[in-house]
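Structural characterization, general
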Amino acid sequence: MGDSATLTAVLESQATLLQEAALALPHQFSQCTYSLGHIRQAVYLCLTCTRASPSSPPRGICSACSIACHTDHEQLELFPKRSFRCDCPTRALSHPCTLHTNLEEPNEKNVYGRNFQGIFCRCGRPYDAEKERETMIQCLACEDWFHESCLNLRERPSSREPTPAAEPAGDDGASDASSSGLPPPLVRADDYDALICSSCVRRIDAVRRVAGTPGALMVVRSTEDEPWSIIGKEEPKEVAQVDIEGRDEKPAPDTPSSPAVGEKRERSPAKEQEPEAKRARVSPEPSSASPSSPCLAPPQDPRVSGLLTKLDGNSPAEDAGEPAVNGSDRYLGAGDVFLTEGWRDRWCRCKNCEPSLLSHPFLLEEEETYEPPEDPDSGLSLEELGMRALQRLPREKAIDGIMAFNAMRDDLMRHLRPFAEKGEEVKEADIRAFFDARIQQLRSKRQ
């Protein structure tokens, strides 16, 4: 606000800060999630604690502990991780947990991937929120984060200057580009529902079978000179044309007539003469896979299976590279799959596909991610919060608090009265001087 501001500007600024705080932190952070066990939740890496114990592996903390226990520590948000238990109240961290006071043993079942070392994507570049220009996308399976350029959705930016301020969004393309100052990616956020990275595609059989088929987009090209293109787009369904004018035409004598739209088909004489006991009984489709169920996975382009096979021979560091073989009979690419909306309803449940799905439940049902309970005080003004806190105090302490507040109010009025009488502007330094003087008085009384 500068050295001076009007009272109206101060009140407007305070209201804006309260609204931003309510949106950023709408939850209560008074309970560590350790007692909930291994759940999918937002995880934070405390860099301060990690540097304090360089010989120990990095550990993760829950959102409540990141606010209540590690407030003044440098942290890195890792976003949701499945089957994770908070490490804050365990012996693995030297910093004590203020929410879960019982000291617990280290969590042996937690999985600490590269993200816990501050490393993301197959390129292994350290993440810096202040300098990163590209949008990063999380893999549904391994929950690692990948740059758009490493997914071949755009060319890698030549410079990594701080992200510019977002401009007002217009159409979809403008909104995709405005947050980073870069052109829209090849596959936009509205074009798919989930990403599965190349490594996970190749280790999960059910996903590997459908890669590059309709609804499972892939970014490929045939030669290094060609631009990247998308395969697996669902073709629009053609609407059948009904010839209404030709309804009066008589069919050929040898051709059996078919009923028009809306007319009832006559029963076949052969069917009428057939005894009821001889008619085949149509059984309903089984709800789960049976040994005789055919595989309903759509046929895969041989070039896609060839690309995945080629990538199987690469080391993890080479996953982002392209196969060395060029030609129209091969695909080049990283092997990532972008699943479009409704992908969970399209899986084949045959005996070959279903075991892979059952071993990865997140492919069948959306996972529940834990969120702390909502804070009933969120969005309240400082005055409302003060009155609510005052009502919770015992009567004697509440009276003492009211008397102390009235005394401070009277002192502040006496401090500001000379400015009003002289018509002078009250500056920030004048307010700070008043409270500094009161702090000194309190300290002298305690001594």
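Note: the structure precedes this text.
What comes next concerns the included structure. (Residues numbered from 1 in each chain as written. Predicted model: local features only at pLDDT ≥ 70, side-chain atom pairs only at ≥ 80, totals over all residues. Heavy atoms only, no water.)

Side note on the overall build of the chain
Selection criterion: Secondary structure elements are taken from DSSP: a helix is a run of H or I of four residues or more, a strand is a run of E of two residues or more, and numbering for both begins at the N terminus. Burial classes follow relative accessibility: with a 1.4 Å probe on protein chains only, a residue under 20% of its type's maximum area counts as buried, one over 50% as exposed, and anything between as partly exposed. Note on contacts: a residue pair qualifies if any of its non-hydrogen atoms lie within 4.5 Å across the two residues. All accessible-area figures derive from a Shrake-Rupley calculation using a 1.4 Å probe, and residue coverage is judged against the displayed protein chains alone.
Per the secondary structure count, the chain includes 12 helices and nine strands. Counting only residues that meet the buried cut, the chain has 32% of its 447 residues in that class. In the chain, of all internal contacts separated by at least 6 residues, the share reaching a separation of at least 24 is 67%. Here the chain has roughly 29,400 Å² of accessible surface; of this, 51% comes from carbon and sulfur atoms.

With respect to the sheet that holds strand β8 (residues 229-231)
To be explicit about the condition: For two strands to be treated as a pair, DSSP must find at least two bridges joining them. Axis lines are fitted to C-alpha atoms, over the contacting stretch for helices. Their N-to-C directions set the angle, which ranges from 0 to 180 degrees.
Pairing is antiparallel across the open sheet formed by four strands, whose spatial order is β6-β9-β7-β8. Either end of the sheet is taken by a strand with one partner, and the two such strands are β6 (194-196) and β8. Adjacent strand axes in the sheet meet at a mean angle of 30 degrees, parallel and antiparallel pairs treated alike.

Some details on the environment of P58
Within the secondary structure layout, P58 lies in the loop between α2 (47-52) and β2 (60-61). According to the relative accessible area criterion, P58 is buried, its value standing at 19%. Spatially, the C-alpha atoms of P58 and L45 are 7.5 Å apart, while their sequence positions differ by 13 residues. Not counting the four nearest positions on each side in its chain, P58 is found in contact with L45, T50, Y112, F116 and Q117.

A few points about the sheet that holds strand β3 (residues 75-84)
Spatial ordering of the open sheet is given by β2-β1-β3, a layout of three strands whose pairing is antiparallel. A single partner strand is all that each edge strand has here, and the edge strands are β2 and β3. Pairing of strand β1 (residues 39-46) with β2, which is carried by two bridges, proceeds in the antiparallel orientation. Note that in β2 the partner of Y44 across the bridge is I61.

Quick notes on the packing of aromatic side chains
How two aromatic rings sit relative to each other is set out by the distance from centre to centre and by the angle between their planes. Counted only if it meets this: The criterion for an aromatic pair is that two Phe, Tyr or Trp rings (for Trp, the six-membered ring) have centres within 6.5 Å, with stacked assigned to planes under 30 degrees apart, edge-to-face to planes over 60 apart and tilted to the rest. Note on criteria: charge over ring means Lys NZ or Arg CZ within 6 Å of the ring centre, with the direction from the centre no more than 35 degrees off the ring normal.
In total, this model carries eight aromatic pairs according to the counting rule given. For the pair Y192 and F338, a centre-to-centre distance of 5.1 Å together with 75 degrees between the ring planes defines the contact as edge-to-face. Placement of Y192 in the loop between α4 (172-178) and β6 and of F338 in strand β9 (residues 337-339) is noted, with a sequence separation of 146 residues between them. An aromatic cluster is built from F84, Y112 and F116, whose rings are joined through pairwise contacts. Here R82 stacks its cationic end above the ring of F362, 4.3 Å away from the centre of that ring.

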